[in-house]
Amino acid sequence: YLTVNIEPLPPVVVGDSVTLKCNFRTDGRMREIVWYRVTEGGTIRQKIFTFDAMFSTNSSHMENYRKREELVYQSTVRLPDVRISDNGPYECHVGIYDRAVREKVVLASGSVLLDVMAPPTSISVVAADTPAPFSRYQAQNFTLVCVVAGGKPAPLVYFKRDGEPIEATPLPEPPSSSSGGGGDGDGDLLEGWAPRNLLHRDLDDTKVPKPLWAAEEEAQARRPPGTLEPPRGLAAERGPATETIPETVVSREFPRWVHAAEPIYYVRHAQWPVSDGTVEARATLTWTLNPLIDNEALFSCEVKHPALSMPMQAEVTLVAPKGPKITMTPTRARVGDTVRILVQGFQVRPPRGLPWAGCPGASHGGVSVGPQNEVFPEPLFTWTRVGSRLLDGSAEHDGKELVLERVPAELNGSMYRCTAQNPLGSTDTHTRLIVFENPNIPRGTEDSDGSVSSRCSFQLALTLTLTVILELT
């Protein structure tokens, strides 16, 4: 004469309010109704609501919202603003007095599972193992990694190219070796997977050594009519045009091979549980990169999740370096100054498709928000001095900035090359250093490294010492 039934619940989304309903029938006299939240795999029951008929009390550990007479046939508990921690089973226990033995209580219970879903909170697309150099003579494997965090349950992740879904071969397990993969196993590639049909391995004429005067003639030929090349050297320092740094010379490197077939894509999915109850999902897309057709290709990672009304996505556009702008500080360098040569940026490519083409950052509902990348993947910058070593004696320097400490007069007219490259291409930008005389440093007082000679320093110290002694005397 006592039956308890709890109405099943559909999955709810974080932030929603949910009502637990316990229906029961009895012809006996009510004793109590207790709601429990079950945790730790059923070993712990946390009391969230109590109705004691003996003392006519209605004690809610969540909130008071029902009158006593409404609890006779249905007991409801409202959970406002649910969180992931509210996920799990709940039980409703009903007790009535036994009709034969008044002191005895008959109990019955029912349970229901509350499934709390959480939409992904972030999505980003990165290139594995970057920055990476560009190879003109050999095809390279390339990997995009899509990282989706904050979702429960795990989302469905897939890739698109130029708005069209990519049919990729799944990789269930990480390959055992790689030939240019990514960090933490995200960009591991296929073992023994070698690209075929590579043609045109002839010499790249952009790497044929050319004398400096030839490079200058090419730069002069590219100047608009009516522009004159500024004079160089210390002898021309008094002319106003000598304070203008000569324009940079940019050359592009292109691949010397082509594909004979369409690329084959490989995809691998993985997920890891997070301490807050959500999961982090990762999807990797790997293929043999072809800069001739992949440059300026739009790749997107899209996510479907039951808590989202529309797919969530992030986009990247593969772009090769297109000639960085180089600035020199100070613009009028003098002997003994510290000169900084910095890569300012690249030509900005307008976005395609959705309002942005970059990562990371996205929002729900299919509208993406994030910074625009001028070049993707991240370039690798290398500085060299044409025809000689750098000031510190090294052959090259990595980074966006080259610092020349206490430049000597011998560096006047020297040419510096900045090579910016990513797996899609490479570009060289040259700039010339003009060093003017420093009126604070007399002629002939510098060594080859730009420092004052030890002999002069000794004579100056001796003169000062004798002057002090004479004054004291």
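Residues numbered from 1 in each chain as written. Predicted model: local features only at pLDDT ≥ 70, side-chain atom pairs only at ≥ 80, totals over all residues. Heavy atoms only, no water.

Per an unreviewed UniProt entry, the protein is named IGS21 protein, and its organism is Eudromia elegans. The UniProt entry for the protein carries the following text under Subcellular location (unreviewed entry): "Membrane". (UniProt positions renumbered as here; feature names shortened; annotations may be inferred.)

### Describing the confidence of the model for the protein
Fine structural detail should not be taken from predicted coordinates in areas where pLDDT scores are low. For the protein, the average pLDDT comes to 75, and 66% of its residues sit at 70 or higher. Of the regions scoring below 50 in pLDDT, residues 175-215 engages in 82 contacts with residues more than four places distant in sequence or in other chains. (pLDDT = per-residue confidence, 0-100. Contact = heavy atoms within 4.5 Å.)

### Some remarks on the state of the cysteines
With the rule as written, the count across this model stands at two disulfides. In this model Cys22 forms its disulfide with Cys92; the gap between the sulfur atoms is 2.2 Å. Residues Cys22 and Cys92 share a disulfide whose torsion about the S-S bond is about -80°; that sign makes it left-handed. On the criterion of sequence distance, the pair formed by Cys22 in strand 3 (residues 18-26) and Cys92 in strand 8 (residues 88-97) is long-range, its members being 70 residues apart. In this structure, Cys22 and Cys92 share a single accessibility class: buried. Note on cysteine connectivity: Cys146 is disulfide-linked to Cys301, with sulfurs 1.9 Å apart. Measuring handedness by torsion sign, the sulfur bridge of Cys146 and Cys301 sits at about -75° and is left-handed. Of this pair, Cys146 sits in strand 12 (residues 140-151) while Cys301 sits in strand 19 (residues 298-304), placing them 155 residues apart in sequence. We note that Cys146, like Cys301, is buried. Here the bonded cysteines of the protein are numbered in sequence order, and their pairing is 1-2, 3-4. (Disulfide = S-S within 2.5 Å. Helix = DSSP H or I, 4+ residues; strand = E, 2+ residues; numbered from the N terminus. Buried < 20%, exposed > 50% of the residue type's maximum accessible area, 1.4 Å probe, protein only.)

### Some remarks on the pattern of salt bridges
All chains considered together, the criterion is met by nine salt bridges. Across the salt bridge formed by Asp52 and Arg31, the nearest N and O atoms sit 2.6 Å from each other. Here Asp52, found in strand 5 (residues 44-52), pairs with Arg31, found in strand 4 (residues 30-39); they are 21 residues apart in sequence, far enough to count as distant. Taken as a pair, Asp52 and Arg31 share a single burial class, namely buried. (Salt bridge = Lys/Arg side-chain N within 4 Å of Asp/Glu carboxyl O.)

### Side note on the nonpolar core
Counting 29 residues, the largest nonpolar core has Leu144, Phe159, Trp287 and Phe299 as the members making the most contacts within it. Looking at which element gives the most residues to this core, the answer is strand 18 (residues 279-289), with five residues. When residues no more than four places from it in sequence are discounted, the contact partners of Leu144 are Val125, Val126, Ala127, Phe159, Ala283, Thr284, Leu285, Trp287, Phe299, Val316 and Phe376. Among the nonpolar cores identified, the runner-up in size contains 26 residues, and Leu2, Val77, Val82 and Val116 belong to it. (Core = buried A, V, L, I, M, F, W, Y, C linked by side-chain atoms within 4.5 Å.)

### Topic: the sheet that holds strand 17 (residues 266-273)
Sheet architecture is open: five strands sit in the order 11-12-18-17-15, paired in mixed fashion. This sheet does not close on itself; its edge strands, each paired only once, are strand 11 (122-127) and strand 15 (169-170). Inspection of the sheet shows strand 15 paired to strand 17 by two bridges, in the parallel sense. Counted as the bridge partner of Pro170 is Val267 from strand 17. (Pairing = 2+ DSSP bridges.)

### Re unusual backbone geometry
Following Lys152, the chain continues into Pro153 via a peptide bond in cis, with omega recorded as 0°. In this structure, Pro153 sits in the loop between strand 12 and strand 13 (156-161). The peptide bond linking Phe376 to Pro377 adopts the cis configuration, its omega dihedral lying at 0°. Residue Asp162 is not a glycine yet carries a positive backbone phi of 50°. Secondary-structure assignment places Asp162 in the loop between strand 13 and strand 14 (164-165). For Asp162, a relative accessible area of 39% puts it in the partly exposed group.

### Considerations on the environment of Leu402
Following the sequence through the fold, Leu402 ends up in strand 26 (residues 401-404). By relative accessible area, which is 4% here, Leu402 ends up buried. Separated by 18 residues in sequence, Leu402 and Thr384 place their C-alpha atoms 9.4 Å apart. Among residues more than four places away in sequence, those in contact with Leu402 are Val339, Arg340, Ile341, Trp383, Leu390, His397 and Tyr416.

### Observations regarding the pairing of strand 20 (residues 312-317)
Along strand 20, six of the six residues are buried, which leaves the element largely enclosed by surrounding structure. Neither face of strand 20 is left uncovered, since the one carrying Met312, Ala314 and Val316 and the one carrying Gln313, Glu315 and Thr317 both have all their residues buried. Here six bridges tie strand 19 to strand 20, and the two strands are oriented antiparallel to one another. For Val303, the partnering residue across the bridge sits in strand 20 and is Met312.

### Focus on the sheet that holds strand 3
The strand order across the open sheet built from three strands is 1-3-7, with neighbouring strands paired in antiparallel fashion. In this open sheet, the two strands that pair with only one neighbour each are strand 1 (2-6) and strand 7 (74-79). Going across the sheet, the axis of each strand differs from the next one's by a mean of 15°, ignoring polarity. Direction of pairing for strand 3 relative to strand 7: antiparallel, over a ladder of six bridges. (Axes fitted to C-alpha atoms, helices over the stretch in contact; angles between N-to-C directions.)

### Digging into the packing of aromatic side chains
Throughout the structure, instances matching the rule amount to three aromatic pairs. A centroid spacing of 4.9 Å and a plane angle of 25° characterise the contact between Trp287 and Phe299, whose relative ring orientation is stacked. In this pair, Trp287 is assigned in strand 18 and Phe299 in strand 19, connecting sequence segments twelve residues apart. Directly above the ring of Phe436 sits Arg332, whose terminal nitrogen or CZ lies 4.2 Å from the centroid. (Phe/Tyr/Trp six-rings, centres within 6.5 Å; stacked < 30°, edge-to-face > 60°. Lys NZ or Arg CZ within 6 Å of the ring centre and 35° of its normal.)

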